[in-house]
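Remarks on the overall topology
Next come the chains, spelled out residue by residue.
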There are 2 protein chains.
Amino acid sequence: MIRPTHIGILAIDVYLPAQKVLQKDLEETDKCHGKYTQGLGQESMCFTTDREDVVSMALTVVDSLLEKWDIEPNCIGRLEVGTESCIDRSKSIKSHLCRLFQRAGNTSLEGVDCVHGCFGATAAVLNSVAWVESSGWDGRLALVVATDVALYEPESAARATGGCGSVAILIGPEAPLSFDPAWRSCFSMHSDEFCKPAGHQSPYPIVDGPATITQFLKASEECYKTLTRKVVTQSEPRRNTCYHYFNTSGELQNQQFQLITCPLLVYPKIQVGNSYTACVWMGLAGLLEAEAGPSMKMQEGTRLLLFSFGSGVMAAMLGLVCTACTGPSSKYRLQLLSEKIRLRERISKQRIVLPGVYNSASDLVRLSYQVARSYEPASSIESLDPGTYYLDKIDDRACRHYLRKPL
Amino acid sequence: MIRPTHIGILAIDVYLPAQKVLQKDLEETDKCHGKYTQGLGQESMCFTTDREDVVSMALTVVDSLLEKWDIEPNCIGRLEVGTESCIDRSKSIKSHLCRLFQRAGNTSLEGVDCVHGCFGATAAVLNSVAWVESSGWDGRLALVVATDVALYEPESAARATGGCGSVAILIGPEAPLSFDPAWRSCFSMHSDEFCKPAGHQSPYPIVDGPATITQFLKASEECYKTLTRKVVTQSEPRRNTCYHYFNTSGELQNQQFQLITCPLLVYPKIQVGNSYTACVWMGLAGLLEAEAGPSMKMQEGTRLLLFSFGSGVMAAMLGLVCTACTGPSSKYRLQLLSEKIRLRERISKQRIVLPGVYNSASDLVRLSYQVARSYEPASSIESLDPGTYYLDKIDDRACRHYLRKPL
């Protein structure tokens, strides 16, 4: 088999629930004017009711990507999920997604769930890229799904830093946006600053915010140092300008490269809130939608530098490069990729609700997590868009049953 | 960089807690003579007290492997964990293991936790093999850790099918036991027959045993069919005889190959019980210890066929082949690998306790899971062997603190 080249992102899609709460409304309720909008720089926060969860959001975004790109399910040979919001310690979210493929007769999908706070999906992407390069590759494409719900304890300081969403990333050779193995560094360290104990009776994380900021700065510095060392010692010519994306507000010293921090990259984060493992990939989707479209600011050779950070600590700095697509996968062109994302449209159409509605819905989410079996969701399915998967019920054996709202 | 060859298992190590309960004693307590020994074919079941868990067992086995093989921690570039018994939904078990590497200055370990019932570690092994083959490989070795605790509800039918343990698998090029990419097939399907809801107030699984047997038979048949098709259409010559290992009692029609079912392969399972994702790799360690030692029944060219099955469903059939080691990693020879496992010795030295002791210890395990923070383990550390990691306490922020019993 000929070794594939330019392995990277062929297509990307994002799903967000249909409702959000405004941060300025949360400020009013919490009597802290400017704290969330100016202090945290957030405009709104997306949330689920008890009708949606990490599984339903993953189902919705996978079906959306397959439909938008008219992908035959048998073309996929690997499916893995990145998350830090698992609802079962044994049954993977990937297991639920298999439904979408076995209806077309595809029962051979490698990959499982990759779990690590804010980093699981990045690990899954790297796994999938390596799979395409490996001798075990069967010539099909890989699909990575990032899905998370960030929900913090009511009346806690972190409450307004929630969010949710899912991203599907199609990975294969001859990609318009490919990973450059030379631009890759990672940082790993033991740290206890963010926990979600499985046996705990609530779904809320236990957080130490200041420690996370310290770890973030350390990880970004270490990744950047390693990367600089690697890239500088390369003999190949390199371009000195690249977009970069950091999933919090941290900043680096730019000694070796001229880095352009692009506000478009953080647009989804500002509007959606924190979607954990999906966050950095949603940011990338936002950039591609804004910059790789008809105006074509992103061109062949344009570089992106992603920094993905997870509490715990796992972090990676990854270089991507825009490539012209002339290979067999040239269906996946950068401009088309940009056009099909439609994240801005999705965000603009989200229904704005008041904090009271958010609190009631989130309390049901907490309840459904605690009850864990024999649960009938109380929220209406009226507000769901056509094509959205939703939780129908959790039966007495704790099996979760999902349905899809007709298109 | 030159592409590495013969990627596979360089070394393997197993850790089991120091105590077990005999199945015949459980039969007496449960008044069901022969049910567990003759019906399930089990002799004993290994268990943890509230001093040990998936994290401590992973710490112990990693340190044991590094020490036995005198491996410098900086030689490892990837570390991932396979489990279905996570105790935190965000902080990975891998995060805890980073401690063992950062003390030597190694803060660049790719990989996170791979979660799927009974299959997570197999997915992790395949990820690590692909990483070594990928352009992202940095020339270092990969370490996969399987760690699980199988604990079922008191007085349930499944109670006697528990078990626990951890396995560390060192992966790299020029391995004495390498994966053959042509001998690889997988099966994936949605199935609800085994769940462990994260929000559930108990750590026990909800199981449908008969459904699992049906899924197992289907998965083994499908994997075998795919493999036969792949191997038969290969142009390369192949050997027709191989050991095979199946992690339950299922059996296949051997139309294409003469398969030798080796009782040695199931020896750890009979003695230890079910260690979930670690089970198939513990079986492999048992075989290597028995057959690859000085008597050298396993020789260059000997093939192994592993079938790894996980409820949910994820399954894979993987071919391994014994190769002569002449490359840079020839420190890792098959015979040495066999000698260093010492699993039989470990099993023979385990302390046998009565069912009452097992029930009390397991109840503390349940309690520590439920409490989730501000927990002081009640079990003594007397019975732990030197070098064993143990839970010192869970603090009020749910951080789990581990210590090591001095060597």
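What counts and how
- Residues numbered from 1 in each chain as written.
- Chains lettered and ligands numbered in written order.
- Predicted model: local features only at pLDDT ≥ 70, side-chain atom pairs only at ≥ 80, totals over all residues.
- Heavy atoms only, no water.
- Least-squares fit on C-alpha atoms with pLDDT ≥ 70 in both.
- Contact = heavy atoms within 4.5 Å.
- Buried < 20%, exposed > 50% of the residue type's maximum accessible area, 1.4 Å probe, protein only.
- Helix = DSSP H or I, 4+ residues; strand = E, 2+ residues; numbered from the N terminus.
- Pairing = 2+ DSSP bridges.
- Buried area = accessible area lost by both parts, 1.4 Å probe.
- Salt bridge = Lys/Arg side-chain N within 4 Å of Asp/Glu carboxyl O.
- Polar contact = N/O pair within 3.5 Å; in protein donor to acceptor, adjacent residues only side chain to side chain.
- UniProt positions renumbered as here; feature names shortened; annotations may be inferred.
- Expected span 1.5 Å × (residues − 1).
- Axes fitted to C-alpha atoms, helices over the stretch in contact; angles between N-to-C directions.

1. Thoughts on the relation of the copies chain B and chain A
Between chain B and chain A, the superposition needs a rotation of 180° and an axial shift of 0.0 Å, giving an RMSD of 0.0 Å. The two molecules are tied by a two-fold rotation axis, judged by turn and shift. A shared interface surface links the copies, since 100% of the contact residues of chain B are contact residues in chain A too.

2. What about the pairing of strand β7 (residues 163-172) of chain B?
For a regular strand, the rule is simple: side chains alternate between the two faces of the sheet. All names here are of chain B. Taking burial as the measure, the 10 residues of β7 include 10 buried ones, the bulk of the element. Side chains of β7 alternate between two faces, with Gly163, Gly165, Val167, Ile169 and Ile171 and Cys164, Ser166, Ala168, Leu170 and Gly172 buried alike. Where strand β1 (residues 8-15) and β7 come together, seven bridges link them in antiparallel fashion. Pairing of Ile12 across the sheet is with Ile169, part of β7.

3. Topic: the environment of Pro203(A)
For Pro203(A), the location among the structural elements is in the loop between β9 (194-195) and β10 (206-207). On a C-alpha basis, the gap between Pro203(A) and Glu153(A) in space is 8.5 Å, while along the polypeptide they are 50 residues apart.

4. Let's talk about the interface of chain B and chain A
Contact residues are listed per partner, giving 71 residues for chain B and 71 residues for chain A. Each partner contributes to the roughly 6,500 Å² buried at the junction of chain B and chain A, and carbon and sulfur atoms together form 51% of this total. At the junction of chain B with chain A, the criterion picks out four salt bridges. Residues Asp192(A) and Lys91(B) are paired through a salt bridge, measuring 3.6 Å at the closest nitrogen-oxygen approach. Here chain B is connected to chain A by 42 residue pairs in polar contact (both at pLDDT 80 or more).

5. Overview of the UniProt feature "active site" (unreviewed entry) in chain A
When the UniProt feature table is mapped onto this chain, "active site" (unreviewed entry) is found at Glu84(A), Cys118(A) and His244(A). Mapped onto the elements of the fold, Cys118(A) is located in the loop between β5 (113-115) and α6 (120-133).

6. Topic: helix α6 (residues 120-133) of chain B
For α6(B), spanning 14 residues, the distance from its first C-alpha to its last is 20 Å, which sits close to the expected 20 Å at 1.5 Å a residue. Here α6(B) lies mainly inside the structure; 14 of its 14 residues are buried.

7. Topic: the sheet that holds strand β2 (residues 19-22) of chain B
Residues and elements named next belong to chain B. Taken in spatial order, the three strands of this open sheet run β3-β2-β15, and their pairing is mixed. Two strands bound the open sheet, and with one partner strand each, they are β3 (44-46) and β15 (351-353). Direction aside, neighbouring strands of the sheet carry axes that sit 40° apart on average. The sheet contact formed by β2 and β15 spans three bridges and is parallel. Bridge pairing in β15 places Lys20 opposite Ile352. Here helix α1 (residues 23-30) sits on the sheet and contacts β2 and β3; the angle it forms with β2, its principal contact strand, is near 55°. In the packing of helix α12 (residues 355-371) onto the sheet, the strands contacted are β2, β3 and β15, and the crossing angle to β15 comes to about 90°.

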